[in-house]
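Coordinate analysis (summary)
So you can see what is in the structure, the chains are spelled out below.
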Amino acid sequence: MTDRNSADGRRNSWELELDKLDNMDRRTRFQVNRVDTTNADEDEMQKLTSNPDQDDQPDAADMSTGYDTKYAKSFRHFTREALPRLDNYRNIMSIQAAYRPTLDELHNATVHGKPAHTQLNMPQNEGEGVIKFGWIQGVLVRCLLNIWGVMLFLRLSWVVGQAGIGEAMLLIMATTLVTTITAISMAAISTNGEIKGGGTYYMISRSLGPEFGGSIGLIFSLANAVACSMYVVGFCESLTDLLRSYDLSIFDGGIQDVRIIGSITIVILTVIVVVGMEWEAKAQNVLLVILLIAMLDFLFGCFYGPLDDEERAKGFVGLSFETLSKNFFSAYREQDGESHSFFSVFSIFFPAATGILAGANISGDLADPQTAIPKGTLIAILITSASYLGFAALAGGSVERDAMGNVTAYEMGVNITDCPETGCEWGLMNNKQVMELVSLFGPLIYAGCFAATLSSALASLVSAPKVFQALCKDNLYPYISGFAKGYGKNNEPVRGYVLTFVIAVVFILIGELNTIAPLISNFFLAAYALINFSTFHASLAKPVGWRPTFRFYNMWLSLIGSVLCVSVMFLISWATALLTLLCVLALYLIVTYRKPDVNWGSTTQAQTYNNALMSVQQLSNVEDHVKNYRPQILVLSGMPSSRPPLVDFAWLISKNLSLMICGHILKGPVPQRARHALGSNAQDWLRKHHIKGFYSMIEDSSFENGAKSLMQASGVGKLKPNILLMGYQTNWLKCTPDELNMYFDTMHKALDMHLAVALLRVQGGLDYSALLSPSEEMRNGKVDKAAQPVPHSNSADSLTRNQSFSQMSQELAKYLGVGFLQIPRAASTTSDITPPRSPNTSQSRNSNSPVGPSGDVENGTPNAAEEVPEEKGGALTVPQEKTDKEKDSSRVNLYKGADGIELPKEHINNLTQFTRKQKKGTIDVWWLYDDGGLTLLLPYIISTRRNWSACKLRVFALANKKDELDTEQRSMASLLSKFRIDYSDLKIIPNITKKPQESTKKLFDEFIKDFTKDKDGVEDSAPISESELLAMKDKTNRHLRLRELLLENSNEANLVVMTLPMPRKGVVSAPLYMAWLETLTRDMPPFLLVRGNQTSVLTFYS
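**Here we look at the overall build of the protein**
Looking only at helices and strands, the protein has 37 helices and 12 strands in total. Within the protein, the proportion of its 1102 residues that are buried is 52%. Intrachain contacts of the protein at a sequence separation of at least 6 include 81% that bridge at least 24 residues. With the model as given, the accessible surface of the protein reaches about 49,700 Å², and the carbon-plus-sulfur share is 56%.

**Digging into the packing of helix α20 (residues 517-541) against helix α21 (residues 555-572)**
Where α20 meets α21, the closest approach of the two axes is 8 Å, and the angle between their N-to-C directions is 160 degrees. By the criterion of interaxial angle, the relationship of α20 to α21 is roughly antiparallel. For the pair α20 and α21, the sense of crossing is left-handed. Of the residues in the contact of α20 with α21, the class split is 16 nonpolar, eight polar and no charged.

**What about the sheet that holds strand β6 (residues 723-727)?**
Reading across from one edge, β5-β4-β3-β6-β7-β12-β11-β8-β9-β10 is the order of the 10 strands in this open sheet, with mixed pairing throughout. The sheet is open, and its two borders are formed by β5 (694-698) and β10 (985-989), each paired with just one other strand. Strand after strand, the sheet turns through a mean of 20 degrees between neighbouring axes, direction not considered. Sheet topology note: the strand β3 (residues 633-636)/strand β4 (residues 660-665) ladder contains four bridges and is parallel.

**Some remarks on the pattern of salt bridges**
Using the criterion set out here, one finds 19 salt bridges in the structure. The closest approach of N and O atoms between Asp474 and Arg206, which form a salt bridge, is 3.0 Å. Linking Asp474 in the loop between α18 (442-473) and α19 (494-510) with Arg206 in helix α8 (residues 199-208), this pair joins segments that are 268 residues apart in sequence. The exposure class assigned to Asp474 is buried, which follows from its relative accessible area of 17%. A salt bridge links Asp924 to Arg954; the shortest N-O distance between them is 2.7 Å. Of the two residues, Asp924 is situated in strand β8 (residues 921-926) and Arg954 in strand β9 (residues 951-958); the sequence distance between them amounts to 30 residues.

**Points about the packing of aromatic side chains**
Scanning the model with the defined rule gives 23 aromatic pairs in all. Judged by centre distance (6.4 Å) and plane angle (15 degrees), the rings of Phe342 and Phe346 are stacked. On the criterion of helical spacing, the pair formed by Phe342 and Phe346 is a turn pair, its members being four residues apart in helix α14 (residues 342-349). The burial state of Phe342 is the same as that of Phe346; both residues are buried. Taken together, the ring pairs in this structure connect Phe342, Phe343, Phe346 and Phe350 into an aromatic cluster. One residue, Arg142, lies across the ring of Phe133, its end atom 5.6 Å from the ring centre. Above the ring of Tyr487, the side-chain terminus of Lys485 is found at 5.2 Å from the ring centroid.

**Regarding the nonpolar core**
In this structure, Phe153, Ile216, Phe298, Phe349 and Tyr388 are the most contacted members of the largest nonpolar core, which totals 133 residues. For this core, the element with the most residues is helix α7 (residues 150-190), which contributes 18 residues. If near-sequence neighbours (up to four positions away) are discounted, Phe349 is found in contact with Met151, Leu156, Val159, Leu171, Ile172, Thr175 and Tyr388.

**Things to note about a nonpolar patch on the surface**
A cluster of nonpolar side chains, contributed by Leu296, Phe300, Tyr304, Leu307, Leu440 and Phe441, occupies part of the molecular surface with about 640 Å² of accessible area. Within the secondary structure, Leu307 sits in the loop between α11 (277-304) and α12 (309-313). Looking at Leu307, the relative accessible area reads 44%, which means it is partly exposed.

**Describing the pairing of β6**
Of all five residues that make up β6, five are buried, and the element is covered over most of its length. Residues Ile723, Leu725 and Gly727 of β6 are buried on one face, and the alternating residues Leu724 and Met726, pointing to the opposite face, are buried as well. With three bridges connecting them, β3 and β6 associate as parallel partners. Within β6, the residue paired with Leu634 across the bridge is Leu724. Pairing between β6 and strand β7 (residues 756-761): five bridges, direction parallel. Within the sheet, the bridge partner assigned to Leu725 lies in β7 and is Ala758. Handedness of the β-α-β unit built from β6, helix α27 (residues 737-752) and β7 comes out right-handed.

Definitions and cut-offs
- Residues numbered from 1 in each chain as written.
- Predicted model: local features only at pLDDT ≥ 70, side-chain atom pairs only at ≥ 80, totals over all residues.
- Heavy atoms only, no water.
- Helix = DSSP H or I, 4+ residues; strand = E, 2+ residues; numbered from the N terminus.
- Buried < 20%, exposed > 50% of the residue type's maximum accessible area, 1.4 Å probe, protein only.
- Contact = heavy atoms within 4.5 Å.
- Areas by Shrake-Rupley, 256 points an atom, 1.4 Å probe, with all protein chains shown as cover.
- Axes fitted to C-alpha atoms, helices over the stretch in contact; angles between N-to-C directions.
- Parallel < 35°, antiparallel > 145°, perpendicular 65-115°, else oblique.
- Left-handed = near helix turned anticlockwise from the far one by under 90°.
- Nonpolar A, V, L, I, M, F, W, Y, C, P; charged D, E, K, R; others polar.
- Pairing = 2+ DSSP bridges.
- Salt bridge = Lys/Arg side-chain N within 4 Å of Asp/Glu carboxyl O.
- Phe/Tyr/Trp six-rings, centres within 6.5 Å; stacked < 30°, edge-to-face > 60°.
- Lys NZ or Arg CZ within 6 Å of the ring centre and 35° of its normal.
- Core = buried A, V, L, I, M, F, W, Y, C linked by side-chain atoms within 4.5 Å.
- Patch = residues over 30% accessible without salt bridge, like charges linked within 9 Å, V, L, I, M, F, W, Y side chains within 5 Å.
- Right-handed = clockwise from strand over helix to strand, strands pointing away.

Pasting the structure below:
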């Protein structure tokens, strides 16, 4: 009975849980349907109950009557959370990619996600029939065939003859050291994440970035293409030598025969690789067997000894300790007019080791590149190094350095090493076919030589197009994207094969490749050097993502390997080494100039962060000094694209000098996607206009509180704003008292925080969002539903949810239309966040800055705290993704009106007034009060800018006493001279206390008349009281008199800079203070009011 009750209890608990699910509309964790706020209760139920997994779920009736085991088996039906699975971390384009819910979908009950398993539109049999190789066939065999090249058969014996057995082994081990370190570095890179097609290029570009990767990828592809022709020519030369021994030839037995045979050979090899990688792999297997048989033939011959007296006369005396001792030490000599040493012999032998990347270059055709590349490459280096060392010892222990080759003389007992005056033709030093001489069956050595050359040619013919195809896919260089197209199940780069064939044929027809060979070796070495440097740099930068599973690497060993590779480059040929470095530099600069839109998480990016963090930390330990003062500006611009003149003016001061932050305050909360889009939009605008600044946004805050937050939280360490720059509030006469007080209190807060305050006023205003926005409906948040773009495959709704932060920062910005998103001004729960239908560069400066309902046209007003719509009930539609980067350098073309129409010249002039070249004129500095010198410093900085260099400083100052003008003049001139400030004129104002004219008084009275009246008949409720006017009478008269002086002296100036009157707390009200500023600045040229923080920013001490 107890068990039965417990079972009933469990069943009731499940029923209760299922009832809860039923109340939650049985939503899956990724269900995506927009909620219509007008019919939320009915429509939401209907939409959310449509389940893609409906076949697996019971009816509601069944759910209410009992426990359904089929439904309960799938845990994902009970939660919106995604369990940790591999598919959640796959790339966006992966067929198996799954989608985890976003934070908004989990945190907000009204936001719903996508179906759990959205499949990409790809054929079901995409992966069927693709040929993938293991570590033996894909890496080991290819590396063995490339390292065992013609050097083994034709040059190893000569190296032993010159360097001796001892130094030859040292030389081989030095070569092995370089290749082993490189292979270890490559193993670390290849095990730090999945490796795709592109081999060396892919590893370097994803480690060091597109600049280094692109340059090495291009020259590495060219090197492989030319190396293919070199190997074919080597095969042809060996074949013509064999034919010549039988008195056979096609034409002349020389260069013409090489061209004919080479052309036929490269055609056959190209056909093999075009047919498919499977046929190429089979051909490699056959060639490896031939090569191994030839090597065994040499080994058997060494141990068997000479077959007849002719072989003895040619220097092959068999293995003996005497011969080994005689040949152990070096005997460098001059040959072919060139004196040899250890390094010259090393440079000749080292190209034998340039085959270690043969397996990595086809990384896209490997089943498991992470395991295959390190394992196959290291084992290949071990085997080939042992074989080279053994063959060197055997050749040196069985063959004399010099032999005359005269059988008759040998039979008569003459010493075969006694060479005539003309020299010997046989022996290690003179005969390139020593391996054929030692072998049991000579023709097998020729076959082995043929196999070595043809296998290397095949590997190069495959590697060059594969690497080049990966490079073209990334679109780093212009005019080569056509070679990115692949064909067949294996995505074969047929176009790349054709291009490689053409390059190879050209160099085969040249026939003489000895001068090009060192350059090719240097190209390979440059790639090795960067592979080593990539591992070193990744270990140095230590990004969190650097977690290679191959543990046997060392950052300093990789650095040594990189230095060794560069050293070997110069040992082989200093001229070709310099040429290689110049090629890498030129290609690097091309990619740097093009600025490809890629984000691969390279260690260069990680190092940039480390450098910035270290610099900021070091800066925090540096004590402030007046000589190192820099004006760091927080400009309350809203979206930078809405107030271009204000941002341009701030950049005019901070360019290449200091920090600039654009502050944006929004009244309402902002959805994460819109927040991210706004940030990307702002940074994109700044980048397009070549402004090096930052963007900071405060949401869900009033203007005053938002400004306080920005002032308190912006910056880090010593990189914090020390100047608050705002636009002048032109609508202060019409705005609400709260808005006016918020603007006024923001100045108070800045001064309380010891920030300098600057207000900028220009005729025509600063806010151009109304002029540049696409439509009035867009600004008011009223968007015609029919006019909205239809969501497509790259819409925001189709964004993957399993991307990393770096991926999301790129992809989401693209999908949301960086530079084109419109945030409507009016607060509305039904407003849409909708971009223009035709995004282009000309509109990049016109969005994201709505116009306030009170008509303010400049920033710094409380209305700059913009209201944003909630995402609830709003559709977020996006434009087509941009494909080409617009790079229009003309500033005029950056400004377009609605629908891309041309703006009147007057508006263009206003928009570009601080960026265009200024006519000859003046910058008038009214340094009224000593605020630390900021009023003088800022205009001086502006005068040093190229576009303002024609404007001279004129300084105006107030006299203390009228009868001491000459003394005041000399004193001020002396001060400016000590400050090293160049100025064209200095004027001391003697009569500042003079009574202002009646017309000026009338103008001032007109400004304050509405603020001196009692509100609603309440006595003493006027914003400006009579007592305040009386107390401030002298100060008011001074400002009125200053206006008259300004009109008299500075009405034609290019820019006027004046000390900002101090807004004393509790003494002067906001309306009266703004009336002073209005009196000073109305109908004047661009006017900057500045008040420093009473700390010196100028000094005359050295």
